[in-house]
Amino acid sequence: MINNSTYRLYGRTKGRKNKNVNEKFLQIKLKNIDNKKYNIIDVGSGFGESTVKLAKQDKNKIVICCDKYIDGLNNVFKKSQIDSLENIYIFQGNVHKMLDECCKENSISEVWILFPDPWPKKRHYKRRLIDQNFFTKIKKYLKYGATINLATDSKSYIFQILRTIYNVKKDFAWLNQSKSEWDYDSEILPETKYYKKALKNGLNPFYIKLKKL
Ligand SMILES: C[S@@+](CC[C@H](N)C(=O)[O-])C[C@H]1O[C@@H](n2cnc3c(N)ncnc32)[C@H](O)[C@@H]1O
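Our subject in this report is the structure included herewith. (Residues numbered from 1 in each chain as written. Predicted model: local features only at pLDDT ≥ 70, side-chain atom pairs only at ≥ 80, totals over all residues.)

### Thoughts on the site of the ligand
So, step 1. With respect to spatial proximity, 21 residues lie near the ligand, and among them Gly44, Gly46, Phe115, Thr192 and Tyr194 are the closest.
So, step 2. Looking at the shell around the ligand, the elements with two or more residues in it are strand E2 (62–67) and helix H6 (193–200).
So, step 3. A class-by-class count of the residues in the shell around the ligand yields 11 nonpolar, 6 polar and 4 charged. (Near = placed C-beta within 6 Å. Helix = DSSP H or I, 4+ residues; strand = E, 2+ residues; numbered from the N terminus. Nonpolar A, V, L, I, M, F, W, Y, C, P; charged D, E, K, R; others polar.)

### Topic: the environment of Ala173
So, step 1. Relative to the helices and strands, Ala173 is located in strand E6 (residues 172–174).
So, step 2. Residue Ala173 is classed as partly exposed on the basis of its 15 C-beta neighbours within 10 Å.
So, step 3. Taking C-alpha positions, Ala173 is 41 Å from Arg16, a pair spaced 157 residues apart along the chain.
So, step 4. When residues no more than four places from it in sequence are discounted, the contact partners of Ala173 are Leu210, Lys211 and Leu213. (Buried ≥ 20, exposed ≤ 12 C-beta atoms within 10 Å, placed from the backbone. Contact = placed C-beta atoms within 7 Å.)

### Here's the deal with the nonpolar core
So, step 1. Judged by nonpolar contacts, the single largest core of 50 residues is most densely connected at Val63, Ile64, Cys66, Val76, Ile90 and Val111.
So, step 2. Beyond its immediate sequence surroundings of up to four residues, Ile64 is in contact with Leu30, Ile33, Asn39, Ile40, Ile41, Asp42, Tyr89 and Phe91. (Core = buried A, V, L, I, M, F, W, Y, C linked by C-beta atoms within 7 Å.)

By themselves, these observations are geometric and do not establish any function.
Right, dumping it as structure tokens:
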């Protein structure tokens, strides 16, 4: 049975200083995904640097950002107004809920998951977003040839993701398998808050690109 606890998310919903929750982002709230369009989902969009970059790259493509973090979602809304980006929609909450409630099968062309919460303690690994269950779920919503872009700076998460990719190799091809392509190239990829944090901490983010077969 699906209830609210099915979609429970750990972590912050609003910033420490944000006492008044002014959900401006609701003005561009996602209702349903139109599967005739080229749809990109930015999962765990944080402050939305990636959403805005992707939306600016091609205004014919729809970018849906999905997170529970209100300050970040309001930031995306603000930037979309300043830059007149009409191709951004927002879903507040768990990506599993978004898929269940707003998406049809074969409707998504690209997925971005940049620096998902690493949950470094072993007893919290089960909270991690990217696991076999995630791939099994998202598979049916992806169009043929759709890509999934992942990046993390957590070694244990990289190993978990690689093991999972091996387990789902029947359905997904790993496109950037050579060592030189694993680096997070900030000339091309979005410089998000957590990308900058990784660099500041001397970490080397690992980038993975997959294609649905
Ligand atoms: C570490 S932050 C990274 C933010 C941003 N991508 C960046 O690189 O700066 C991870 C974000 O993922 C969100 N998140 C975690 N699990 C999620 C889920 N199942 N669905 C949607 N968002 C999720 C969190 O709320 C958080 O804002």
